[in-house]
Amino acid sequence: MNSLQNFESQTGLKLDEKIEKGLADCTIYHATDSDGIKLVVKIDTSPRGIAEINDNLFGYNSISELGAATVLPSPIRFIESDLGPALVLPYLGEDYLTTSNTPNSVLTNFIALKRSFGEVYSSVVIQSQEVNIDSLQNILDRISERVKRFFEKGISGYNDCADLSTIDVKGISGKNNSLFILDFTPSNLFIVDKKAIFIDPWKQTTYMGSPLLSLGQFITYAEESYELPGFNNENLQYLDFIQRVGKNLGLSESQTRLQFLIGQTLQYSLSAYYRIESQPEKANRFLKKMRKNIKELREYNT
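The model shown is predicted, which means the values in this text are computed figures rather than measured ones.

So, how was this worked out
- Residues numbered from 1 in each chain as written.
- Predicted model: local features only at pLDDT ≥ 70, side-chain atom pairs only at ≥ 80, totals over all residues.
- Heavy atoms only, no water.
- Helix = DSSP H or I, 4+ residues; strand = E, 2+ residues; numbered from the N terminus.
- Rg over C-alpha atoms; globule rule 2.2 N^0.38 Å.
- Buried < 20%, exposed > 50% of the residue type's maximum accessible area, 1.4 Å probe, protein only.
- Axes fitted to C-alpha atoms, helices over the stretch in contact; angles between N-to-C directions.
- Parallel < 35°, antiparallel > 145°, perpendicular 65-115°, else oblique.
- Left-handed = near helix turned anticlockwise from the far one by under 90°.
- Contact = heavy atoms within 4.5 Å.
- Nonpolar A, V, L, I, M, F, W, Y, C, P; charged D, E, K, R; others polar.
- Phe/Tyr/Trp six-rings, centres within 6.5 Å; stacked < 30°, edge-to-face > 60°.
- Lys NZ or Arg CZ within 6 Å of the ring centre and 35° of its normal.
- Expected span 1.5 Å × (residues − 1).
- Polar contact = N/O pair within 3.5 Å; in protein donor to acceptor, adjacent residues only side chain to side chain.
- Pairing = 2+ DSSP bridges.
- Core = buried A, V, L, I, M, F, W, Y, C linked by side-chain atoms within 4.5 Å.

Q: Requested: an account of the overall build of the chain, with residues and values cited.
A: Scanning the chain from terminus to terminus reveals 10 helices and 10 strands. A compact globule built from 302 residues should have a C-alpha radius of gyration of about 19 Å, and the chain, at 20 Å, falls within 12% of that. By its C-alpha atoms, the chain is 65 × 45 × 40 Å across when sized along the principal axes. Put simply, the chain has 302 residues, and 52% of those count as buried.

This is the structure we're talking about:
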(Lines give C-alpha, C1' and ligand atoms only; values in the text may rest on other atoms or scores of the structure.)
Protein backbone atom coordinates (compact mmCIF):
# COMPACT_ATOMS: atom_id res chain seq x y z
CA MET A 1 0.00 0.00 0.00
CA ASN A 2 1.51 3.37 -1.04
CA SER A 3 1.42 6.57 1.01
CA LEU A 4 -1.66 7.97 -0.75
CA GLN A 5 -3.54 4.73 -0.12
CA ASN A 6 -2.42 4.86 3.53
CA PHE A 7 -3.83 8.38 3.79
CA GLU A 8 -7.14 7.28 2.32
CA SER A 9 -7.28 4.33 4.69
CA GLN A 10 -6.46 6.51 7.72
CA THR A 11 -8.79 9.40 6.91
CA GLY A 12 -11.51 8.14 4.57
CA LEU A 13 -10.51 10.90 2.13
CA LYS A 14 -9.48 10.25 -1.47
CA LEU A 15 -6.85 12.64 -2.79
CA ASP A 16 -7.41 13.62 -6.42
CA GLU A 17 -5.42 16.05 -8.58
CA LYS A 18 -3.02 18.61 -7.15
CA ILE A 19 -3.93 22.31 -7.09
CA GLU A 20 -1.32 24.85 -8.14
CA LYS A 21 -1.60 27.88 -5.85
CA GLY A 22 0.72 30.88 -5.93
CA LEU A 23 3.60 30.84 -3.46
CA ALA A 24 2.24 28.12 -1.16
CA ASP A 25 4.87 25.95 0.54
CA CYS A 26 2.41 23.06 0.87
CA THR A 27 0.99 20.45 -1.45
CA ILE A 28 -2.71 21.08 -2.06
CA TYR A 29 -5.14 18.50 -3.42
CA HIS A 30 -8.71 18.28 -4.55
CA ALA A 31 -10.27 15.47 -2.52
CA THR A 32 -13.54 13.68 -1.88
CA ASP A 33 -14.88 12.03 1.25
CA SER A 34 -16.76 8.72 1.49
CA ASP A 35 -20.03 10.51 0.63
CA GLY A 36 -18.55 12.03 -2.52
CA ILE A 37 -18.42 15.56 -1.06
CA LYS A 38 -15.71 17.72 -2.63
CA LEU A 39 -12.98 18.98 -0.32
CA VAL A 40 -9.54 20.59 -0.43
CA VAL A 41 -6.63 19.07 1.50
CA LYS A 42 -3.49 21.03 2.33
CA ILE A 43 -0.70 18.69 3.42
CA ASP A 44 3.11 18.56 3.69
CA THR A 45 6.08 17.01 5.49
CA SER A 46 8.68 19.74 4.85
CA PRO A 47 9.50 22.15 7.71
CA ARG A 48 8.22 25.13 5.68
CA GLY A 49 5.05 23.29 4.69
CA ILE A 50 4.31 22.17 8.25
CA ALA A 51 4.92 25.72 9.48
CA GLU A 52 2.46 27.10 6.90
CA ILE A 53 -0.23 24.62 7.95
CA ASN A 54 0.28 25.42 11.63
CA ASP A 55 0.19 29.16 10.87
CA ASN A 56 -3.06 28.74 8.93
CA LEU A 57 -4.60 26.73 11.78
CA PHE A 58 -3.52 29.38 14.30
CA GLY A 59 -5.08 32.07 12.13
CA TYR A 60 -8.37 30.25 11.68
CA ASN A 61 -8.67 29.59 15.41
CA SER A 62 -7.71 33.15 16.37
CA ILE A 63 -10.12 34.78 13.92
CA SER A 64 -12.93 32.48 15.07
CA GLU A 65 -12.27 33.37 18.71
CA LEU A 66 -12.73 37.04 17.84
CA GLY A 67 -16.25 36.28 16.62
CA ALA A 68 -15.46 36.53 12.90
CA ALA A 69 -15.96 32.88 11.91
CA THR A 70 -18.62 33.97 9.38
CA VAL A 71 -15.86 34.96 6.91
CA LEU A 72 -13.99 31.65 7.25
CA PRO A 73 -14.60 28.29 5.55
CA SER A 74 -16.57 25.77 7.61
CA PRO A 75 -15.97 23.12 8.71
CA ILE A 76 -12.17 23.11 9.09
CA ARG A 77 -10.49 19.86 10.12
CA PHE A 78 -6.90 19.21 11.20
CA ILE A 79 -5.55 15.68 10.69
CA GLU A 80 -2.25 14.06 11.65
CA SER A 81 -1.36 11.43 9.04
CA ASP A 82 1.58 9.45 7.66
CA LEU A 83 1.75 12.00 4.83
CA GLY A 84 2.14 14.79 7.38
CA PRO A 85 -0.23 17.23 9.08
CA ALA A 86 -3.21 18.18 6.94
CA LEU A 87 -5.88 20.85 6.85
CA VAL A 88 -9.16 19.76 5.32
CA LEU A 89 -11.45 22.50 4.00
CA PRO A 90 -14.68 22.51 2.01
CA TYR A 91 -14.30 22.99 -1.73
CA LEU A 92 -15.33 26.60 -2.38
CA GLY A 93 -15.16 26.71 -6.17
CA GLU A 94 -13.06 29.24 -8.08
CA ASP A 95 -11.46 32.10 -6.15
CA TYR A 96 -12.47 35.78 -6.29
CA LEU A 97 -9.68 36.57 -8.73
CA THR A 98 -10.78 33.90 -11.23
CA THR A 99 -14.50 34.68 -11.04
CA SER A 100 -13.97 38.45 -11.42
CA ASN A 101 -13.68 38.29 -15.21
CA THR A 102 -16.24 40.92 -16.28
CA PRO A 103 -17.11 44.39 -14.93
CA ASN A 104 -20.43 43.01 -13.69
CA SER A 105 -18.87 40.05 -11.84
CA VAL A 106 -16.21 42.35 -10.34
CA LEU A 107 -18.93 44.58 -8.90
CA THR A 108 -21.13 41.67 -7.75
CA ASN A 109 -18.20 40.04 -5.97
CA PHE A 110 -17.26 43.29 -4.26
CA ILE A 111 -20.82 43.82 -3.04
CA ALA A 112 -20.67 40.36 -1.44
CA LEU A 113 -17.31 41.18 0.16
CA LYS A 114 -18.63 44.54 1.39
CA ARG A 115 -21.67 42.88 2.97
CA SER A 116 -19.75 40.02 4.65
CA PHE A 117 -16.80 42.00 5.97
CA GLY A 118 -18.89 45.11 6.66
CA GLU A 119 -20.90 43.06 9.15
CA VAL A 120 -17.71 41.88 10.85
CA TYR A 121 -16.20 45.38 10.91
CA SER A 122 -19.37 46.66 12.61
CA SER A 123 -19.77 43.86 15.16
CA VAL A 124 -16.19 42.88 16.06
CA VAL A 125 -14.77 46.07 17.58
CA ILE A 126 -12.39 46.82 20.44
CA GLN A 127 -11.21 50.22 21.68
CA SER A 128 -7.45 50.67 21.98
CA GLN A 129 -5.30 53.28 20.29
CA GLU A 130 -2.25 51.16 21.14
CA VAL A 131 -3.65 48.22 19.14
CA ASN A 132 -4.39 50.54 16.21
CA ILE A 133 -0.88 51.99 16.31
CA ASP A 134 0.63 48.48 16.45
CA SER A 135 -1.24 47.39 13.32
CA LEU A 136 -0.12 50.50 11.42
CA GLN A 137 3.48 50.09 12.57
CA ASN A 138 3.40 46.39 11.64
CA ILE A 139 2.63 47.30 8.03
CA LEU A 140 5.16 50.13 7.92
CA ASP A 141 7.84 47.73 9.18
CA ARG A 142 6.91 45.25 6.45
CA ILE A 143 7.17 47.98 3.81
CA SER A 144 10.58 49.02 5.12
CA GLU A 145 11.81 45.41 5.16
CA ARG A 146 10.56 44.86 1.61
CA VAL A 147 12.26 48.03 0.35
CA LYS A 148 15.56 46.85 1.84
CA ARG A 149 15.21 43.60 -0.09
CA PHE A 150 15.16 45.57 -3.35
CA PHE A 151 18.81 46.36 -2.66
CA GLU A 152 19.55 42.60 -2.78
CA LYS A 153 18.02 42.51 -6.27
CA GLY A 154 20.24 45.38 -7.38
CA ILE A 155 17.41 47.93 -7.47
CA SER A 156 18.75 51.30 -6.40
CA GLY A 157 17.14 54.71 -6.10
CA TYR A 158 14.64 53.85 -3.37
CA ASN A 159 16.95 53.86 -0.34
CA ASP A 160 15.09 56.88 1.05
CA CYS A 161 11.88 54.81 1.23
CA ALA A 162 13.33 52.34 3.77
CA ASP A 163 13.32 54.73 6.74
CA LEU A 164 9.70 55.36 7.69
CA SER A 165 10.39 56.55 11.24
CA THR A 166 9.31 60.14 10.53
CA ILE A 167 5.72 59.11 9.72
CA ASP A 168 3.32 60.35 12.42
CA VAL A 169 1.81 56.96 13.23
CA LYS A 170 0.10 58.22 16.38
CA GLY A 171 -1.52 61.10 14.50
CA ILE A 172 -2.82 58.74 11.81
CA SER A 173 -4.13 56.22 14.33
CA GLY A 174 -7.58 56.00 15.93
CA LYS A 175 -9.02 54.32 19.01
CA ASN A 176 -11.27 51.68 17.42
CA ASN A 177 -10.17 48.40 15.85
CA SER A 178 -11.72 45.48 14.03
CA LEU A 179 -10.59 42.46 12.04
CA PHE A 180 -7.16 43.09 10.51
CA ILE A 181 -5.87 40.45 8.07
CA LEU A 182 -2.60 40.39 6.15
CA ASP A 183 -2.39 38.90 2.65
CA PHE A 184 -5.99 40.02 2.10
CA THR A 185 -5.99 39.46 -1.65
CA PRO A 186 -8.53 38.23 -4.25
CA SER A 187 -6.67 34.91 -4.62
CA ASN A 188 -7.38 34.18 -0.93
CA LEU A 189 -11.08 35.06 -1.14
CA PHE A 190 -14.08 33.16 -2.45
CA ILE A 191 -17.68 34.19 -3.00
CA VAL A 192 -20.06 31.42 -1.93
CA ASP A 193 -23.83 31.99 -1.86
CA LYS A 194 -23.22 35.76 -2.01
CA LYS A 195 -20.91 35.61 1.02
CA ALA A 196 -17.16 36.30 1.08
CA ILE A 197 -14.92 33.62 2.57
CA PHE A 198 -11.22 34.16 3.41
CA ILE A 199 -8.63 31.34 3.43
CA ASP A 200 -4.94 30.84 4.27
CA PRO A 201 -4.44 33.39 7.07
CA TRP A 202 -0.85 34.19 7.96
CA LYS A 203 0.19 33.91 11.58
CA GLN A 204 -0.11 37.35 13.18
CA THR A 205 0.55 38.53 16.73
CA THR A 206 -2.97 39.97 16.63
CA TYR A 207 -5.87 39.94 14.18
CA MET A 208 -7.25 43.19 15.56
CA GLY A 209 -6.21 46.55 14.16
CA SER A 210 -7.20 48.68 11.21
CA PRO A 211 -9.21 46.87 8.51
CA LEU A 212 -8.36 49.79 6.21
CA LEU A 213 -4.90 48.25 5.90
CA SER A 214 -6.46 45.02 4.60
CA LEU A 215 -8.73 46.95 2.22
CA GLY A 216 -5.81 49.03 0.95
CA GLN A 217 -3.96 45.84 0.09
CA PHE A 218 -7.01 44.16 -1.46
CA ILE A 219 -8.21 47.03 -3.64
CA THR A 220 -4.71 47.84 -4.92
CA TYR A 221 -4.08 44.18 -5.77
CA ALA A 222 -7.42 43.92 -7.58
CA GLU A 223 -7.20 47.22 -9.44
CA GLU A 224 -3.53 47.49 -10.30
CA SER A 225 -1.69 44.20 -9.81
CA TYR A 226 -4.26 42.17 -11.73
CA GLU A 227 -6.28 44.96 -13.38
CA LEU A 228 -9.65 43.34 -12.82
CA PRO A 229 -12.09 44.67 -15.44
CA GLY A 230 -13.92 47.77 -14.33
CA PHE A 231 -12.23 47.84 -10.92
CA ASN A 232 -11.44 51.41 -9.96
CA ASN A 233 -10.91 52.61 -6.40
CA GLU A 234 -12.50 55.94 -7.35
CA ASN A 235 -15.80 54.14 -8.03
CA LEU A 236 -18.36 55.20 -5.45
CA GLN A 237 -18.95 51.55 -4.44
CA TYR A 238 -15.35 51.27 -3.25
CA LEU A 239 -14.94 54.81 -1.92
CA ASP A 240 -18.17 54.57 0.05
CA PHE A 241 -17.09 51.35 1.74
CA ILE A 242 -13.65 52.72 2.65
CA GLN A 243 -15.18 55.89 4.10
CA ARG A 244 -17.87 53.93 5.98
CA VAL A 245 -15.24 51.66 7.58
CA GLY A 246 -13.22 54.74 8.57
CA LYS A 247 -16.30 56.35 10.08
CA ASN A 248 -17.05 53.17 12.08
CA LEU A 249 -13.49 53.36 13.41
CA GLY A 250 -14.01 56.99 14.47
CA LEU A 251 -11.43 58.31 12.00
CA SER A 252 -11.37 61.64 10.18
CA GLU A 253 -11.40 61.61 6.38
CA SER A 254 -7.65 62.28 6.28
CA GLN A 255 -6.90 59.50 8.80
CA THR A 256 -9.07 57.11 6.79
CA ARG A 257 -7.23 57.97 3.59
CA LEU A 258 -3.78 57.60 5.19
CA GLN A 259 -4.54 54.27 6.86
CA PHE A 260 -5.82 52.98 3.52
CA LEU A 261 -2.67 54.40 1.90
CA ILE A 262 -0.42 52.37 4.22
CA GLY A 263 -2.13 49.13 3.14
CA GLN A 264 -1.91 50.24 -0.49
CA THR A 265 1.80 51.00 -0.11
CA LEU A 266 2.46 47.52 1.27
CA GLN A 267 0.82 46.01 -1.81
CA TYR A 268 2.82 48.27 -4.13
CA SER A 269 6.05 47.09 -2.48
CA LEU A 270 5.04 43.41 -2.73
CA SER A 271 3.73 43.63 -6.30
CA ALA A 272 6.90 45.44 -7.41
CA TYR A 273 9.16 42.91 -5.69
CA TYR A 274 7.58 39.88 -7.35
CA ARG A 275 7.47 41.53 -10.81
CA ILE A 276 10.87 43.19 -10.90
CA GLU A 277 12.26 40.52 -13.25
CA SER A 278 9.16 39.28 -15.08
CA GLN A 279 7.41 42.66 -15.55
CA PRO A 280 10.04 45.36 -14.89
CA GLU A 281 8.01 48.20 -16.41
CA LYS A 282 5.02 47.43 -14.19
CA ALA A 283 7.29 46.94 -11.17
CA ASN A 284 8.88 50.34 -11.66
CA ARG A 285 5.44 51.94 -11.92
CA PHE A 286 4.52 50.38 -8.56
CA LEU A 287 7.78 51.59 -7.01
CA LYS A 288 7.06 55.16 -8.10
CA LYS A 289 3.56 54.96 -6.60
CA MET A 290 5.04 53.50 -3.43
CA ARG A 291 7.40 56.48 -3.14
CA LYS A 292 4.56 58.95 -3.82
CA ASN A 293 2.47 57.40 -1.02
CA ILE A 294 5.38 57.45 1.41
CA LYS A 295 5.94 61.15 0.64
CA GLU A 296 2.27 61.90 1.43
CA LEU A 297 2.44 59.86 4.65
CA ARG A 298 5.58 61.72 5.78
CA GLU A 299 4.01 65.10 5.06
CA TYR A 300 0.94 64.47 7.22
CA ASN A 301 1.06 66.68 10.29
CA THR A 302 -1.59 66.70 13.00
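On we go.
Q: So what about the packing of helix α9 (residues 253-275) against helix α10 (residues 280-299)? Which residues, and what values?
A: Put simply, α9 and α10 touch, their axes get as near as 8 Å, and they point 155° apart. When the axis of α9 is compared with that of α10, the two are roughly antiparallel. The two elements α9 and α10 meet at a crossing, and its hand is left-handed. For the pair formed by α9 and α10, the contact residues are R257, L258, L261, I262, Q264, T265, Y268, S269, S271, A272 and R275 on the first element and P280, K282, A283, F286, L287, K289, M290, N293, I294, E296 and L297 on the second. Among the residues making up the contact of α9 with α10, the classes are represented as 12 nonpolar, 5 polar and 5 charged.

Q: Go over the packing of aromatic side chains, please, and point to the residues and values.
A: Counting across every chain of the model gives 13 aromatic pairs. Between F117 and F184 the ring centres are 5.0 Å apart and the planes differ by 75°, which places this aromatic pair in the edge-to-face class. On the criterion of sequence distance, the pair formed by F117 in helix α4 (residues 103-123) and F184 in the loop between β7 (176-179) and β8 (189-192) is long-range, its members being 67 residues apart. F117 gets classed as buried once you look at its relative accessible area, which sits at 0%. Each member of the aromatic cluster is reached from another via a ring pair, and the members are Y96, F110, F117, Y121, F184, F198, F218, Y238 and F241. If you follow R275 out to its NZ or CZ, it ends over the ring of Y226, 5.4 Å from the centre.

Q: Describe α4, with residues and values.
A: Taking 1.5 Å of rise per residue, the 21 residues of α4 would be expected to cover 30 Å, and the 30 Å separating its terminal C-alpha atoms lies within 8% of that figure. Looking at α4, one finds that the buried residues are S105, V106, N109, F110, A112, L113, K114, S116, F117, G118, V120 and Y121.

Q: So, the side chain of Q255: which residues are in play, and what are the values?
A: With respect to the helices, strands and loops of the structure, Q255 is situated in helix α9. Look at Q255 and you get buried, because its relative accessible area is 14%. Polar side-chain contacts of Q255 include one of 3.0 Å to the backbone oxygen of S173. Setting aside chain neighbours within four positions, we find Q255 in contact with G171, I172, S173, G250 and Y300.

Q: Please set out the sheet that holds strand β10 (residues 208-209) residue by residue, giving values where relevant.
A: If you trace the 3 strands from one edge of the open sheet to the other, you get β6-β7-β10, paired in antiparallel fashion. Strand pairing shows two members of the sheet lacking a second neighbour, β6 (126-127) and β10, which therefore form its edges.

Q: Can you tell me about the environment of V131, naming the residues and giving the values?
A: For V131, the location among the structural elements is in helix α5 (residues 129-152). Considered as a pair, V131 and K292 are 161 residues apart in the sequence and their alpha carbons are 27 Å apart. Once you skip the residues sitting within four places of it in the chain, V131 turns out to touch I126, N177, M208 and G209.

Q: Would you mind going over the nonpolar core in detail, with residue names and values included?
A: The biggest cluster of nonpolar side chains holds 45 residues, and the ones touching the most others in it are L113, F117, L179, F184 and F231. For this core, the secondary-structure elements that each account for two or more residues are α2 (47-65), β5 (84-90), α3 (96-99), α4, β8, β9 (195-198), α7 (211-225) and α8 (236-248). Residue contributions to this core peak at 6 residues, all from α4. Of all hydrophobic cores here, the second largest spans 33 residues; its members include I139, A162, L258 and A283.

Q: Please give an account of the side chain of Q204 that cites residues and values.
A: Following the sequence through the fold, Q204 ends up in the loop between β9 and β10. In this view, Q204 contacts F58, F180, I181 and L182; residues no more than four positions away in its chain are not counted.

Q: Any details on the environment of D25? Residues and values, ideally.
A: Tracing the backbone shows D25 in the loop between β1 (14-19) and β2 (27-32). Owing to a relative accessible area of 30%, D25 belongs among the partly exposed residues under this scheme. Spatially, the C-alpha atom of D25 lies 22 Å from that of Q217, the residues being 192 residues apart in sequence. Once residues within four sequence positions are removed from consideration, D25 is found in contact with D44, S46, R48, G49 and E52.

Q: Give me the sheet that holds strand β4 (residues 77-81): which residues, what numbers.
A: If you trace the 5 strands from one edge of the open sheet to the other, you get β1-β2-β3-β5-β4, paired in antiparallel fashion. Unpaired on one side and paired on the other, β1 and β4 mark the two borders of the sheet. Averaged over all pairs of adjacent strands, the angle between strand axes in this sheet comes to 30°, irrespective of strand direction. Across 5 bridges, strand β3 (residues 38-43) lies against β5 in antiparallel orientation. Across the sheet, K42 pairs through a bridge with L87, a residue of β5. Set on the sheet, α2 makes contact with β3, β4 and β5; between it and β5 the angle comes to about 45°.

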